[in-house]
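Each chain is listed here by its residues.
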2 protein chains.
Amino acid sequence: MTEDDFLEALFKRMPVPPGELVIPPGDDCAGFRMDDGNLMLIAVDQVIEGRHFLEEGSAAASPGQVGRKVLARNLSDIAAMGGKPLYCLSSVALGSRHDMEWLNGFFDGMLGLCRRCDTHLIGGDLARGAGKTVASLTIVGSVRAEHALRRGGAREGHGFWATGVFGRSFPTGHHLDFEPRIAEGRWLAEKGLAAAMIDVSDGLLIDAGRICRASGVGLFVDTGAVPRRTGDTTLEEALTDGEDYELLFAVPKEKEELLRRDWPFRELPLARLGEFRSAPLPIVFDSSGKPLEFKGRRGWDHFDRE
Amino acid sequence: MTEDDFLEALFKRMPVPPGELVIPPGDDCAGFRMDDGNLMLIAVDQVIEGRHFLEEGSAAASPGQVGRKVLARNLSDIAAMGGKPLYCLSSVALGSRHDMEWLNGFFDGMLGLCRRCDTHLIGGDLARGAGKTVASLTIVGSVRAEHALRRGGAREGHGFWATGVFGRSFPTGHHLDFEPRIAEGRWLAEKGLAAAMIDVSDGLLIDAGRICRASGVGLFVDTGAVPRRTGDTTLEEALTDGEDYELLFAVPKEKEELLRRDWPFRELPLARLGEFRSAPLPIVFDSSGKPLEFKGRRGWDHFDRE
């Protein structure tokens, strides 16, 4: 069972939430209505020693990089809704390998990024106990209700667009120093150019597949157009590696020219990777109409088979 | 260094938060202003296998008890502000001992208490990886701005009151099935009877000491008046064991009679344990004026010496 499946079943077991919960669980953030016309966005994400960061070898992460990463992952979720981050809270279960000095470095990294993104740490819980360090962070942000970008808004004929480049995030260290696309997400939301959006945490295929599933459309990707992080990055790596933290979004046909013309983030690659179309299944296909899969794993059911 | 000291120093390193953050870090919850005159309350707390719950022996916790506990701890923080819980988000790093069946039981316990307390789970993050299971939960609630109860409102002459009984929470299993005092906290807040409040997670002496420190007053406790959980609970256990999740609060003298008369929770013991008075240090004393300490540990600096 995948994490998505588990959480989906879990959230279905609960009574229907009150009317103020405008964006129920299942998007990058949940969102509830504030009286001033904004939605309050909230999400949680964690990093685990040995899984999201290493302590040994040439790819070892500094404590500051770990603290930065757990915040940046969450900022990326706010970015994917077109939101502005406001506050965060972090709990840390300090593993046997880590001491107070490590914890100080961890928060140095987190607070450095907090300052740059105008986000305030307003709560925390610290404990010793686990063999491995686990750090969890909850992010709170806001977005105008009419600007919020969800996963379910892609329609037949929309272009499929992406920021940045893909693949080999772990070996290149990108997963430790990526820039969450907050300004880009807000710009897309405020200009009304995107109809659906998600950030890439689990891999381009999986995350694009989540837009397909939520929107009920298929996606046809021109695999040759997918920008790769390095010269030796394979197509499979670009499509399945994960931790790119770029934005994937659907753009209505009549807005694509405007997007191309007005995109103000000149240093960040912007690419049209394909098109949403009706299909027998809400999954990702290549441009010839063959389901995109690698080693039997196909977009949205990647985790099912692991 | 204690967790309090570490977090206090940490929060001081950040730029001053924007004006909407009415209750900065350092209380049971942080609180920021909503446009409708309410404060949004938010807090995070975690439980760790082997520290907050056991997997072996006669005191072993069921998965449902663990899920219930991590929520109940957080509900107790909302209760301590006089607030009403609304939403929660939970991240779980599943340890090597636990499988999907355990995780289902964990959420059964959490959702059961969610329903009873009208609280909605709106986000989650699940991962495998740690040797020991770590579960973190973020709670969101609200309170009318004028009703919010903080730690710093105790003044000379206020009575020191407590709900419930104390000590031996772990051996009796109380830490797994306690009732967060939400209705009681809201009643105290709405009636305007308490001037400061906290819940007891780390022990009566430590948590009462936190009111002293935040309020700048001393507290004189009639140790004979402290209600003990069982016949064989010692005074030291009642004052230092922790995990009682009862409310401690300061009541202005002119309101004490009203409190005693109108207290509507007839099945829950309510006791006056002492009085706040000016003192050379903002710590807890016995009624003869001797600092209350056990094995050299004295209320608010309990953790410093561990």
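Fair warning: this is a prediction, and the values are worked out from it, not measured in the lab. (Residues numbered from 1 in each chain as written. Chains lettered and ligands numbered in written order. Predicted model: local features only at pLDDT ≥ 70, side-chain atom pairs only at ≥ 80, totals over all residues. Heavy atoms only, no water.)

As for the overall build of chain A
Phase 1 of the analysis: Helix and strand counts for chain A stand at nine helices and twelve strands.
Phase 2 of the analysis: Taking 2.2 N^0.38 as the reference for a compact globule, 306 residues should give roughly 19 Å; the C-alpha atoms of chain A span a radius of gyration of 19 Å, in line with that estimate.
Phase 3 of the analysis: The principal-axis extents of the C-alpha atoms in chain A amount to approximately 55 × 50 × 45 Å.
Phase 4 of the analysis: Residue burial in chain A is summarised as follows: out of 306 residues, 59% are buried.
Phase 5 of the analysis: In chain A, once contacts between residues fewer than 6 apart in sequence are set aside, the share between residues at least 24 apart is 82%.
Phase 6 of the analysis: Put simply, chain A shows about 11,400 Å² of open surface, and 48% of that area lies on carbon and sulfur atoms.
Phase 7 of the analysis: In chain A, 37 positive and 47 negative side-chain charges are present, and the distance between their average locations comes to 2 Å. (Helix = DSSP H or I, 4+ residues; strand = E, 2+ residues; numbered from the N terminus. Rg over C-alpha atoms; globule rule 2.2 N^0.38 Å. Buried < 20%, exposed > 50% of the residue type's maximum accessible area, 1.4 Å probe, protein only. Contact = heavy atoms within 4.5 Å. Areas by Shrake-Rupley, 256 points an atom, 1.4 Å probe, with all protein chains shown as cover. Lys, Arg positive; Asp, Glu negative; His and termini not counted. Charge placed at Lys NZ, Arg CZ, Asp CG, Glu CD.)

So, the interface of chain A and chain B
Phase 1 of the analysis: Listed as interface residues are 59 residues of chain A and, on the opposing side, 59 residues of chain B.
Phase 2 of the analysis: Across the chain A/chain B interface, buried area totals approximately 5,100 Å², and carbon plus sulfur atoms make up 68% of it.
Phase 3 of the analysis: On the chain A side of the contact with chain B, Phe6(A), Arg13(A) and Ile122(A) bury the most area, a combined 12% of that side's loss.
Phase 4 of the analysis: Inspection of the chain A/chain B interface yields two salt bridges.
Phase 5 of the analysis: Between Arg13(A) and Asp108(B) there is a salt bridge whose closest N-O contact spans 2.2 Å.
Phase 6 of the analysis: Linking chain A with chain B are 15 residue pairs in polar contact (both at pLDDT 80 or more).
Phase 7 of the analysis: When contributions to the side of chain A that touches chain B are tallied by element, the ones reaching two or more residues are helix H1 (3–12), strand S2 (30–33), strand S3 (38–48), strand S4 (84–94), helix H3 (100–116), strand S5 (120–128) and strand S6 (134–144) of chain A.
Phase 8 of the analysis: Of the residues forming the side of chain A that touches chain B, the biggest block, nine residues, is contributed by S5(A).
Phase 9 of the analysis: The residue inventory of the side of chain A that touches chain B, partitioned by class, reads 35 nonpolar, twelve polar and twelve charged. (Buried area = accessible area lost by both parts, 1.4 Å probe. Salt bridge = Lys/Arg side-chain N within 4 Å of Asp/Glu carboxyl O. Polar contact = N/O pair within 3.5 Å; in protein donor to acceptor, adjacent residues only side chain to side chain. Nonpolar A, V, L, I, M, F, W, Y, C, P; charged D, E, K, R; others polar.)

Quick word on the sheet that holds strand S1 (residues 21–23) of chain A
Residue and element names in this part refer to chain A.
Phase 1 of the analysis: Here we have six strands laid out as an open sheet, ordered S1-S2-S3-S6-S4-S5, and mixed in their pairing. Each edge of the sheet is formed by a strand with only one pairing partner; in this case those strands are S1 and S5. Adjacent strand axes in the sheet meet at a mean angle of 20°, parallel and antiparallel pairs treated alike.
Phase 2 of the analysis: Inspection of the sheet shows S1 paired to S2 by two bridges, in the antiparallel sense. Within S2, the residue paired with Ile23 across the bridge is Gly31. (Pairing = 2+ DSSP bridges. Axes fitted to C-alpha atoms, helices over the stretch in contact; angles between N-to-C directions.)

With respect to unusual backbone geometry
Phase 1 of the analysis: Its identity as a non-glycine residue notwithstanding, Arg168(A) has a phi of 55°, on the positive side.
Phase 2 of the analysis: Along the chain, Arg168(A) turns up in the loop between strand S7 (159–163) and helix H4 (169–172).

Overview of the packing of helix H2 (residues 63–80) of chain B against helix H3 (residues 100–116) of chain B
Residue and element names in this part refer to chain B.
Phase 1 of the analysis: Between H2 and H3, the least distance of the axes is 6 Å, while the angle of their chain directions is 40°. Judged on the interaxial angle alone, H3 and H2 are oblique. When the axes of H2 and H3 are compared, the crossing they make is right-handed. Across from Pro63, Gly64, Val66, Gly67, Arg68, Val70, Leu71, Ala72 and Leu75 in H2, the residues of H3 making contact are Trp102, Gly105, Phe106, Gly109, Met110, Leu113, Cys114 and Arg116. (Parallel < 35°, antiparallel > 145°, perpendicular 65-115°, else oblique. Left-handed = near helix turned anticlockwise from the far one by under 90°.)

Considerations on helix H6 (residues 182–191) of chain A
Phase 1 of the analysis: Residues Ile182(A), Glu184(A), Gly185(A), Trp187(A), Leu188(A) and Ala189(A) constitute the buried set of H6(A).
Phase 2 of the analysis: For H6(A), the elements touching its buried residues are helix H2 (63–80), S4, strand S8 (196–199), strand S10 (247–251) and helix H9 (256–262) of chain A.

Topic: the confidence of the model for chain A
Residues and elements named next belong to chain A.
Phase 1 of the analysis: Counting all residues, the mean pLDDT for chain A is 92, and 95% of those residues have values of 70 or more.
Phase 2 of the analysis: In this model residues 299–306 is a low-confidence stretch, pLDDT under 50, and it forms 20 contacts with partners more than four residues away in sequence or in other chains.
Phase 3 of the analysis: Among the prediction metrics, the complex's ipTM stands at 0.91, with pTM recorded as 0.93. (pLDDT = per-residue confidence, 0-100.)

As for the domain arrangement of chain A
Residues and elements named next belong to chain A.
Phase 1 of the analysis: Here chain A is partitioned into domain 1 (3–147) and domain 2 (151–305).
Phase 2 of the analysis: Computed from C-alpha coordinates alone, the two centres of domain 1 and domain 2 are separated by 22 Å.
Phase 3 of the analysis: Each partner contributes residues to the interface: domain 1 has 27 residues there, and domain 2 has 23 residues.
Phase 4 of the analysis: Roughly 2,300 Å² of surface becomes buried between domain 1 and domain 2 when both sides are summed, with 48% attributable to carbon and sulfur atoms.
Phase 5 of the analysis: Run the count over domain 1 and domain 2 and you get eight salt bridges.
Phase 6 of the analysis: Where domain 1 touches domain 2, the interface holds eleven residue pairs in polar contact (both at pLDDT 80 or more). (Domains from an automatic or database assignment.)

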